[in-house]
Amino acid sequence: MKRSLKWSNIYLWLVFIILYAPILYLSYYSFNSGGSMHGFEGFTLEWYKEVFADTRLLIILLNTLVIALFASVISTILGVIGAIAIHHVRKRSNQSTLLSLNNVLIVSPDVIIGASFLILFTMIGIKLGFASVLISHIAFSVPIVVIMVLPRLEEMSPTLLDAARDLGATEWDVLTKVMLPFIKSGIFAGFFMALTYSLDDFAVTFFVTGNGFTTLSVEIYSRARQGVSLSINALSTLIFVFTMLLVVGYYFLNRRSRGQVSGRTGSGKEWGLANK
Amino acid sequence: MNQLMRMTVLVVLLAFALMYGASALNSSQGYSGANTLTIYNWGDYIDPELITEFEKESGLKVIYSTFDSNEAMMTKIEQGGTTFDISVPSEYAISKMKEENLLLPIDKSKLPNLKYIDPKYMNLSFDPNNEYSIPYFWGTVGIVYNPELVKGIEFKSWDDLWNPSLHNQILLVDGAREVIGFGLNSLHYSLNDTNEEHLQQAKNKLKELTPNVKAIVGDEIKLLLANEEAAVGVVWSGDAAEIIDENDKLTYVVPEEGSNLWFDNIVIPKTAKNVEGAHKFINFMLDPEHAAQNAEYVGYATPNKKALELLPEDISGDKRFYPSPEVTAKLEVYRNLGKRMLSHYNDLFLEFKMHRK
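The name an unreviewed UniProt entry assigns to chain B is ABC transporter substrate-binding protein, from the organism Paenibacillus albus. Recorded in UniProt under Subcellular location (unreviewed entry), the annotation for chain B is "Periplasm".

An unreviewed UniProt entry lists chain A under the name ABC transporter permease, with Paenibacillus albus given as the organism. Under the UniProt heading Sequence similarities (unreviewed entry), the note attached to chain A is "Belongs to the binding-protein-dependent transport system permease family. CysTW subfamily."

Below you can see the structure in the form of structure tokens.
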């Protein structure tokens, strides 16, 4: 028993090393004064300075974050409504049809989605730029939120809602005081998935950018044609650190709120478990 | 619910704050206002200082976007959702865009600096009389090689690629015109040859090259050659300049039988809103000092005669990128061969690719 535990630990470490090595390698060279990824010559912060001096790149970075935040908030709201709606469909076969339609959108290739959006925007005459990118990012994030929220809804016992109604809760109370708190973790997971999807999407964005509005992925791709400068390494390192901070922040936030919940008596979560 | 509301408000506020930051940065750059010029160019294909200078000189605000392939650029312009005022396609893309009416004619009376362009780069087959395009940069197709790894071969001729000692050592760009082109060149035929017999000969000759070919690759060819993954590569001169920049052991030659001469030209797409500003910009880039500065930054060869005189000797005297008149006399520009011939070229190239090993 002890032996197998050790092996699994080694395996886990190996997986993590493989996952993190490329990012660390890239970050390591962002400090290289040599100017290329061929050999480390000496420590420098020159590339970081270059990132902050390149206003165009900073604007693109801010655009990328703005799009990601708006797209994930809006798609989370739409996705939660969608998930609740699918959950409330009575007939089992209808429900699974809706769910498969949702899943088709997740697995369909980005190029197809991007090209279809390009055709759509051209047809109805939407100018390519901020709006077109935002709309398409919302569109491909909604199905992901639905898929993250739905399992939590399935876990929720219907008797929980019945009990709330019996105790005199209005439908609005049921939604805001029972249902949403119960599926909160699913909502957060959906939000963060949508955020990362939007941040790194290249294929869809590539088709729908225009009028001087680009996101980071598209910009880095067109720069890579001429060989990626180490300032891109520096920028990637900064974004990686930023995401790490976000995840750590989320972790602590989650722990604190969980502590509050278990401190209270009769919270929805325990009820749900007790009813199972 | 409260927590959800709080988080939502927080995220939306953050998004608005970032948006404000972006627009503040934008206006500090002067991107707002109606008097703008939108440029659509290859990535890293202009000295950014020149854009700042142009903005100061003309009072126009420049919105700068980049693309990575002629095809992607054409799609965007055809789609018409964006008002690009300037673009820089390669010669074959220009003839295609002309056919599809995607370009506006250029008013040469507004370009006094046009006189600095070397006449031999004007009035070429892809755009007679330069009605729609003005030369920006030019280059060749040739052989990049690592003298340490090829044991004394100097690649004076395309035939040197067939040297048996190069087994599994050559990388080729993934372009039908380029590969079939040097096949034809090695037989002393024209790059634009449409004679079926000549094409078959070229194909058969290329078939014999297959043991030497390591891979047919795209843009990653630069990285592979710079990292010495292969000894020899057939590439465009612009790529060669970058490879040599990365790894100065390598060198570049244009074989004596002749090769392709390519051009990237400035055009005004039909989506342009600021045609006046576009002409101003073209004239600005034609100024010898600006053209020289740009050529020094980008590393490609400038067609601007006066600018060439202003460039330092070690750039303008580099025979590899500014070949001597004897070599340039043998260079050929791709002619638009028409859809049928082009797909025949593609088929031959495909056959060559399938015969590998």
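Resuming the write-up.
Some thoughts on the overall build of chain B
When you go through chain B residue by residue, the secondary structure sums to 14 helices and 11 strands. Residue burial in chain B is summarised as follows: out of 357 residues, 57% are buried. For chain B, the share of sequence-separated contacts (at least 6 apart) that also reach a separation of at least 24 residues comes to 75%.

Re the overall build of chain A
Helix and strand counts for chain A stand at 13 helices and 0 strands. The linear arrangement of helices and strands in chain A, starting from the amino end, is α-α-α-α-α-α-α-α-α-α-α-α-α. By residue count, 40% of the 276 residues in chain A fall in the buried class. Considering only intrachain contacts with a sequence separation of at least 6, the fraction spanning at least 24 residues in chain A is 72%.

Quick look at a nonpolar patch on the surface
Residue and element names in this part refer to chain A. Nonpolar side chains collect at one region of the surface, where Tyr11, Leu12, Trp13, Val15, Phe16, Ile17, Leu19, Tyr20, Ile23, Leu24 and Met244 lie side by side and expose about 1,100 Å² of accessible area between them. The dominant element in the nonpolar patch, judged by the number of residues it contributes, is helix 1 (residues 2-29), at 10 residues. Structurally, Tyr11 can be placed in helix 1. Here Tyr11 falls in the exposed class, since its relative accessible area comes to 57%.

What to know about the nonpolar core
Counting residues in hydrophobic clusters, the biggest one holds 110 residues, and the most contacted among them are Leu161, Phe182 and Val232 of chain B. With residues up to four places along the chain from it excluded, the contact list for Phe182 of chain B reads Trp158, Leu161, Trp162, Leu172, Leu206, Leu209 and Val234 of chain B. Core analysis: the next-biggest nonpolar cluster, separate from the first, contains 53 residues, Val133, Leu161 and Val208 of chain A together with Met7 of chain B among them.

Comments concerning the pattern of salt bridges
All names here are of chain A. Scanning all chains against the criterion turns up 15 salt bridges over all chains. Between Arg165 and Glu171 there is a salt bridge, with the nearest N and O atoms lying 2.7 Å from each other. Looking at Glu171, the relative accessible area reads 52%, which means it is exposed. Residues joined in a network through salt bridges with shared partners are Asp162, Arg165 and Glu171.

Concerning the pairing of strand 6 (residues 170-173) of chain B
Residue and element names in this part refer to chain B. Side chains of strand 6 alternate between two faces, with Ile170 and Leu172 and Leu171 and Val173 buried alike. As paired strands, strand 6 and strand 7 (residues 213-217) are joined by 4 bridges and run parallel to one another. The residue bridging Val173 from the neighbouring strand is Val217, located in strand 7. Note: strand 6 against strand 8 (residues 232-236), 3 bridges, orientation parallel. Bridging across to strand 8, Leu172 finds its partner in Val234.

Let's talk about the UniProt feature "binding site: spermidine" (unreviewed entry) in chain B
Residue and element names in this part refer to chain B. The sites that carry the UniProt feature "binding site: spermidine" (unreviewed entry) are, in the present numbering, Tyr92. Take Tyr92: it is sitting in helix 4 (residues 91-99). Tyr92 has contacts with Asn70 and Glu71, leaving out every residue within four places of it along the chain.

Reading guide: rules and limits
Residues numbered from 1 in each chain as written. Chains lettered and ligands numbered in written order. Predicted model: local features only at pLDDT ≥ 70, side-chain atom pairs only at ≥ 80, totals over all residues. Heavy atoms only, no water. UniProt positions renumbered as here; feature names shortened; annotations may be inferred. Helix = DSSP H or I, 4+ residues; strand = E, 2+ residues; numbered from the N terminus. Buried < 20%, exposed > 50% of the residue type's maximum accessible area, 1.4 Å probe, protein only. Contact = heavy atoms within 4.5 Å. Patch = residues over 30% accessible without salt bridge, like charges linked within 9 Å, V, L, I, M, F, W, Y side chains within 5 Å. Areas by Shrake-Rupley, 256 points an atom, 1.4 Å probe, with all protein chains shown as cover. Salt bridge = Lys/Arg side-chain N within 4 Å of Asp/Glu carboxyl O. Core = buried A, V, L, I, M, F, W, Y, C linked by side-chain atoms within 4.5 Å. Pairing = 2+ DSSP bridges.

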